[in-house]
Amino acid sequence: MIIAIDGPAASGKGTLARRLAAHYGLPHLDTGLLYRAVAASLIAADRDLHDVDAAVAAARGLGLTEFDEESLRGRQMGEAASIVAAMPEVRAALIEAQRNFARRPGGAVLDGRDIGTVICPEADAKIFVTASAETRAQRRALELAGRGEKADYAAILAEIVKRDARDSERADAPLKAAPDAVRLDTTKMSVEAAFAESLRVVEARRR
Ligand code: DC
């Protein structure tokens, strides 16, 4: 069974994907980490984030398991990842590894922006997770504060709005719900309620 979870930054898709993977005993791939790792590798090599050749080389050199999540989850890296993710060449370099991950025997859970539309259009269950920008900014501020990062709510909200626009307006594989995805608005939902609802969606699709 392949479960595809898509949605904007800080919508809660990662938490839901992790919990669904644990529930069904499936491997989970947070595809945002791939773009974050490409951006981190450019930054470490002191290259421009718009350098397509360097970004493609970094994407080709990535494995799917060697992420230093702690450093990749930082605030700046989300913005940098969104810049490299807009390059069609970078996306093309990462497609096969994501599809291979999804098509392993038994299936997998993947979360990102284009899982239901481009990476796994054949997924058994697709959920498009949303929440208001304000709610997402509050969640991100709490998460960053928990990690000891400076978290100014107004600045985080502005970053989220800008990143939504870049991720949704790019020409290649923009953030959008697949026609057969179930939309889940978590603005007023607890994590538990959102998980219960996503389980219901997956179970309905399995039947
Ligand atoms: O989900 P995230 O915040 O970790 O993703 C970081 C950036 O990577 C996001 O702003 C856009 C890009 N991304 C993408 O273009 N496609 C994906 N499947 C996952 C992430």
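Everything that follows concerns the structure shown earlier in this document.
Here's what I pulled together on the structure shown here.

Reading the values: the criteria
- Residues numbered from 1 in each chain as written.
- Predicted model: local features only at pLDDT ≥ 70, side-chain atom pairs only at ≥ 80, totals over all residues.
- Heavy atoms only, no water.
- Salt bridge = Lys/Arg side-chain N within 4 Å of Asp/Glu carboxyl O.
- Buried < 20%, exposed > 50% of the residue type's maximum accessible area, 1.4 Å probe, protein only.
- Near = heavy atom within 4 Å.
- Polar contact = N/O pair within 3.5 Å; in protein donor to acceptor, adjacent residues only side chain to side chain.
- Areas by Shrake-Rupley, 256 points an atom, 1.4 Å probe, with all protein chains shown as cover.
- Nonpolar A, V, L, I, M, F, W, Y, C, P; charged D, E, K, R; others polar.

**Quick word on the pattern of salt bridges**
Working step 1: One pass over the structure, following the stated rule, counts 18 salt bridges.
Working step 2: For Arg73, the salt bridge goes to Glu69, with nearest N and O atoms at 2.8 Å.
Working step 3: Given a relative accessible area of 23%, Arg73 falls into the partly exposed group.
Working step 4: Of the residues examined, Glu69 reaches a relative accessible area of 38% and is grouped as partly exposed.
Working step 5: Ionic pairing is found between Glu149 and Arg147, a salt bridge with its closest N-O pair at 3.0 Å.
Working step 6: Glu149 gets classed as partly exposed once you look at its relative accessible area, which sits at 27%.
Working step 7: What emerges from the salt-bridge pattern is a single network uniting Asp30, Glu69 and Arg73.

**Details of the site of the ligand**
Working step 1: Around the ligand, the structure places 15 residues, and the nearest of them are Arg36, Arg91, Arg163, Asp167 and Arg170.
Working step 2: A distance of 2.7 Å separates an oxygen atom of the ligand from a polar side-chain atom of Arg36.
Working step 3: Alone, the ligand offers 440 Å² of accessible surface; in the complex the protein occludes 98% of this.
Working step 4: Here the residues of the shell around the ligand are counted per class, giving three nonpolar, four polar and eight charged.

Everything listed is a geometric property; what it means functionally is a separate question.
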